[in-house]
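# Structural overview for review
Given next are the chains, with one letter for each unit.
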Amino acid sequence: MAEEVKLPALGENVAAGDVVDVKVKVGDDVKEGQALLEVEAEKSTVEVPSPLAGRIDKVLIKKGDKVKTGQTLMTIEGSNGKPEKEAPATKAEPVPAVKPAAAPKEDKPKERPAVETPAAEIKPAPAPKEPKPQAAPAAQASKGDDAVIAAGPATRKLAREWGVDLNQVPGSGAKGRVTQEDVKEFVHTLASGRGAVQAIPPLPNFEQWGPVEYKPVDSIRRKTAEQMILSWTHVPHVSHQDNADVTEIEAFRKNQENKGPKLTVTAFVLKACAIALKQFPQFNASLDLAQGRLVLKNYCHIGVAVDTERGLLVPVLRDVDKKSVYDIGKEMGELAERARLKKLSMEDMRGGSFTISNLGGIGGTGFTPIINYPEVAILGLSRARLQPVYREGQFVPRLLLPLSLSYDHRVIDGADAARFSRRLGEMLENPLVMLLHA
Ligand code: CAO
């Protein structure tokens, strides 16, 4: 009898994804573990491997389809007409692990060294290690960490459009299922209490003013939009601007060229941030209003915004405080490359406690980055420029790097933001100071 291949759990609270590639067709012989299709969810692409060796009997999905966890994707006739590996008696439904999809060959720059596939496979729905995002004070406490939110597609669509995290919505349906009415009620409560969320009015028909084109919003853009709405509607942002004199760092960086791994200004800023975050722990925190506490993190995992063809991705560098500038530079280069080659796993993008967004390689004099909720601060960098600086009675040319620090004003006061930025500036101006810290 043919064996059904079902969509395994893609990650915590990830109930569905988009099929971006189907790698087999009916009649194809496949080996156990061979990639059958690629599914994109939560900004990462994962391969669904074949659970057995055999011949493809039916393909029930196509590129572009939305698929849910547990949905039958295809059926396979096992070698000799039966599954090669019997499922253990206790296991009712075999759910294979999924792993990050390999990059398409044509995307791979010819002269770059091969990038290793991450060794660790994504196991179905690992136990969550970080708290759920907290709602505004008007909202009730969120559901248990393990809860996969039960809600229909129309409810999910409504929640997405209104920027509502379904984790936060108390469900009134059977077994706690969240209904459209629950989402509306939730928004109403928030809006009447704090005016934090407002329904977006429907768009006019633009065709009445001229020709238009329609481009589907892909899952990465959708996820980015959801995250931005969540942060922008719940967090009172302030952006503080400063400059850091990176003349010495730039001279050192140029001097080090071809003597070791490539160093960019971002690697030095990451190191400086790791030191400053220890000195200003409220910047390395999350606000838990429901529990009435600030969660101060004793680890330093910094996300770095990476601009890719598919949109913004934010892989996370772990334990930046424990690494040298060389190691940080090397690791950041590898993560950015994996982001651009579609090789990041969901785990690579989780658990950050602070974020850096460097637009300086492109240009600009300053901007107001949006905090990567549930973090409380983000540092934006713009293009470092040679500028005349008045020193000891004369103007001298110095390379000034604009720093734009956005912070959650519920947690961080303006004076602390100014101190934090100045501390960064001092370390970048005099990088030897960084040697004094682990
Ligand atoms: N000012 C001046 N020069 C800068 C700079 C800055 N702020 N940032 C980088 N540079 C320089 C680098 O030092 C490097 O110079 P050399 O070629 O002389 O060595 C060059 O620009 C290219 O750097 P890079 O961009 O390849 O590497 P990076 O480590 O500085 O940055 C990364 C890595 C991933 C941050 C960057 O490639 C990137 O994707 N930036 C965009 C982030 C983004 O989209 N943010 C917006 C998020 S919100 O929509």
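Numbers given for residues are sequential positions, taken from 1 along each chain in its written order. It should be noted that, the model being predicted, local features are given only for residues of pLDDT at least 70 and side-chain atom pairs only at 80 or more, the latter also being counted only at that level, while totals for whole chains, interfaces and linings use all residues. As a rule here, side-chain values come from all non-hydrogen atoms in the structure, and water together with hydrogens is ignored.

### A word on the side chain of Asp182
The condition is simple: The way it works is that DSSP assigns letters per residue, a run of H or I at least four long becomes a helix, a run of E at least two long becomes a strand, and they are numbered from the N terminus. Working definition: with a 1.4 Å probe on protein chains only, accessible area under 20% of the residue-type maximum means buried, over 50% means exposed, and in between means partly exposed. Counted as a polar contact is a pair of N or O atoms within 3.5 Å, where, for protein atoms, one must be capable of donating a hydrogen and the other of accepting one, and residues adjacent in sequence contribute only when both atoms are in side chains. It only takes one pair of heavy atoms within 4.5 Å for two residues to be counted as in contact.
Its place among the elements puts Asp182 in helix H2 (residues 180–194). On the basis of relative accessible area, Asp182 is assigned to the buried category, the value being 10%. At 2.8 Å, the side chain of Asp182 forms a polar contact with the side chain of Ser172. When residues no more than four places from it in sequence are discounted, the contact partners of Asp182 are Val169, Pro170, Gly171, Ser172, Gly173 and Arg177.

### Re empty space enclosed by the protein
The condition that has to hold: A 1.4 Å probe that fits but cannot get out identifies a cavity on a 1 Å grid over protein atoms alone, an open set with protein on both sides within 12 Å along at least five of seven lines counts as a pocket, and a residue lines either if it has an atom within 4 Å of a point. Grid points are joined across faces, edges and corners, and a volume is the space filled by probe spheres set on the points.
On inspection of all chains with the given rule, the structure shows three cavities of 30 Å³ or more. By volume, the second largest cavity is sized at about 40 Å³. Every residue along the wall of the second largest cavity is listed here: Ser286, Leu287, Tyr373, Pro374, Glu375, Val376, Asp408 and Arg410.

### A word on the sheet that holds strand S1 (residues 3–6)
Applicable threshold: We treat two strands as partners when DSSP finds at least two bridges between them.
Taking strand neighbours across the sheet as the criterion, the four strands line up as S1-S8-S6-S3 in an open arrangement whose pairing is antiparallel. Each edge of the sheet is formed by a strand with only one pairing partner; in this case those strands are S1 and strand S3 (29–30). Summarising the sheet, S3 and strand S6 (residues 54–59) pair through two bridges and their orientation is antiparallel. Across the sheet, the residue bridging to Asp29 is Arg55, located in S6.

### What to know about the site of the ligand
Selection rule: Being near a molecule or strand, for a residue, comes down to having at least one heavy atom within 4 Å of it. Per-residue and other accessible areas follow the Shrake-Rupley method at a 1.4 Å probe size, with only the shown protein chains counted as cover for residues. Residue classes follow a fixed rule: Ala, Val, Leu, Ile, Met, Phe, Trp, Tyr, Cys and Pro count as nonpolar, while Asp, Glu, Lys and Arg count as charged, and any other residue, Gly among them, counts as polar.
Lys262, Thr264, Thr266, Arg340 and Asn358 are the nearest of the 22 residues found near the ligand. In this structure, Lys262 approaches the ligand through a side-chain N or O atom, which is 2.3 Å from an oxygen atom. One nitrogen or oxygen atom from the side chain of Thr264 is found 2.5 Å from an oxygen atom belonging to the ligand. When the free accessible area of the ligand is taken as 970 Å², the share hidden by the protein chains comes to 71%. Broken down by secondary-structure element, the contributors of at least two residues to the shell around the ligand are helix H4 (247–256), helix H5 (265–279), strand S14 (306–308), helix H6 (325–340) and strand S17 (354–358). Counted by class, the shell around the ligand contains nine nonpolar, seven polar and six charged residues.

### Structural notes on the environment of Asp21
The topology assignment puts Asp21 in strand S2 (residues 16–22). Under the relative-accessibility criterion, Asp21 is labelled partly exposed at 27%. Taking the C-alpha atoms as reference, Asp21 lies 9.2 Å from Glu47; in sequence the two are 26 residues apart. Apart from residues lying up to four places away in sequence, Asp21 is in contact with Leu37, Glu38 and Lys63.

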